[in-house]
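Observations on the three-dimensional arrangement
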Amino acid sequence: MGNDFIVRARILEKIYIERTVTSTRLSKVIGIDYKKIMSMFNILRDRYGIYVWTDVLQSKLGLGLVTVLLKGLKLRPPRDPSIWSEIAIRLPYLRSITWTPTGELHIVFQSPLRTDIIGVEDVKENIAFIQKFDFVLRSKPLIELLNMFVDLEFKELVEKGLDIAMEHSYRIDREYVLSPRKFDGLDLAILNILEPHPGITLRGLAQEVNKALNKAYSVASIEYHLNKHVENMVLGYRISNYAQSYRLSETVSSIVLSCRDPLEFCSRTISHPFIVSCVGNSYNNVAAVNICAPSEYQGSFTLRFIEKSTSYGCSEALANIQYLAVPPYITIFAVPRPRPKEYTQDLDEARIEYDPHARAWSVVIDLRQVVNTLTNYLGS
């Protein structure tokens, strides 16, 4: 792609695991004018189709992931998109709902690390797979490989690129990733705004927070929360998406593996542009890697990745779950945040996420409630 892309991408590489947020504060740390940082994010998106987000570490929020694959339910995406909001209110911690090509429903909950999962026996005939994960690392492709991606050198990324990625390991502090931090509702509101707006200025962030919460926090107050709380809950910046013009596969392969050290393994996989994310369970040594490559290379890259993983402390794949990643077969929700009182006043504990008074998450996922709610709203 040339020097223009490389120069801008090098800034991105420099801040991949830098925990300072807002372009205003970041400029002081890396010695680059904040306008150049904002320009870098905008040009990567508008000219090269590379979308960058702030990388919020959900494990720092005390949140993990619960993946459930449901079978035997005759469900379909709703004709009215507003139905998704109704479902999200009634199901706590819902992160994503996707369909598999064979008709199963793949659901991910972004839930507390100590979540109690109840109602399993009541719907066990509908559960094909269930697994908890306590951390997630997201895409931070090496600039050499990102340049190959922009230049459409997909065959090289399958063959040479995977070797380069797996040989590289980000130096990620294990204790930092796996240790939750204290936070409050304001911190959640800040994170919700920061995540999709990596180039926002400090002043702009304060304005957006005040608009969202109908408050009047000063810039100094917002910066205090960044310094004391928010910047202890992020891992720099990540690639969140690529433009549709790259014609990535309509399916994502989620490869579940038994690994000796899931965190170390994930710190390698995220170096490749085709790896969306890598999640792990540090207690039972299970990892799951989400792969989305251009359609022509999705299958060959997935197979080569599974083969390659055995050289880095992982066994053969325990499962290969494919799910459709195109509308209307996918819906994704944002970082959990305090719900408006009118939504929560008549709901029981199992339907409320964050308790602002206790500054804690409620910790129940009722799979019977999940199946009943989905059937009511999405049933044929």
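Please refer to the structure higher up on the page.
About the thresholds
- Residues numbered from 1 in each chain as written.
- Predicted model: local features only at pLDDT ≥ 70, side-chain atom pairs only at ≥ 80, totals over all residues.
- Heavy atoms only, no water.
- Pairing = 2+ DSSP bridges.
- Helix = DSSP H or I, 4+ residues; strand = E, 2+ residues; numbered from the N terminus.
- Axes fitted to C-alpha atoms, helices over the stretch in contact; angles between N-to-C directions.
- Contact = heavy atoms within 4.5 Å.
- Core = buried A, V, L, I, M, F, W, Y, C linked by side-chain atoms within 4.5 Å.
- Buried < 20%, exposed > 50% of the residue type's maximum accessible area, 1.4 Å probe, protein only.
- Salt bridge = Lys/Arg side-chain N within 4 Å of Asp/Glu carboxyl O.

**Looking at the sheet that holds strand 10 (residues 275-281)**
Strand order in the open sheet formed by 5 strands is 7-10-11-9-12, and the pairing between neighbours is antiparallel. Strands with a single pairing partner mark the edges of an open sheet, and in this sheet they are strand 7 (135-138) and strand 12 (314-324). The sheet shows a mean angle of 20° between the axes of neighbouring strands, taken without regard to direction. Most of the contacts of helix 11 (residues 262-269) go to strand 10, to which it runs at about 175°, and overall it touches strand 7, strand 9 (251-259), strand 10, strand 11 (286-291) and strand 12. Against the sheet, helix 12 (residues 295-309) contacts strand 9, strand 10, strand 11 and strand 12, and its axis sits at roughly 10° relative to strand 9.

**Things to note about the nonpolar core**
Across soluble globular proteins, you tend to see nonpolar side chains buried next to one another. Ranked by internal contacts, the top residues of the largest apolar core, which has 85 residues, are Ile50, Phe265 and Phe305. Of all the elements, helix 6 (residues 154-167) adds the most residues to this core, at 7 residues. When near neighbours in sequence (up to four residues on either side) are disregarded, isoleucine 50 contacts Phe5, Leu44, Arg45, Leu146, Val150, Ile239, Asn241 and Tyr242. Counting 26 residues, the second largest nonpolar core, distinct from the first, contains Ala88, Ile107, Phe109 and Ile365.

**Details of unusual backbone geometry**
Following proline 327, the chain continues into proline 328 via a peptide bond in cis, with omega recorded as 0°. Mapping proline 328 onto the fold places it in the loop between strand 12 and strand 13 (330-332). If you check the backbone angles, threonine 22 has positive phi at about 75° while not being a glycine. Classification of threonine 22 as buried rests on a relative accessible area of 0%. In the Ramachandran plot, asparagine 285 falls in the positive-phi region, its phi being about 60° despite a non-glycine side chain.

**Concerning the pattern of salt bridges**
Tallied over the entire structure, the rule returns 16 salt bridges. Measuring nitrogen to oxygen at the nearest pair gives 2.7 Å for the salt bridge that ties arginine 10 to glutamate 13. Placement of the pair is arginine 10 and glutamate 13 together in helix 1 (residues 3-15), with a separation of 3 residues, close to one helical turn. On the basis of relative accessibility, which here comes to 30%, the residue glutamate 13 falls in the partly exposed class. Through salt bridges that share partners, Asp55, Arg138, Lys140, Glu195 and Arg238 make up one connected network.

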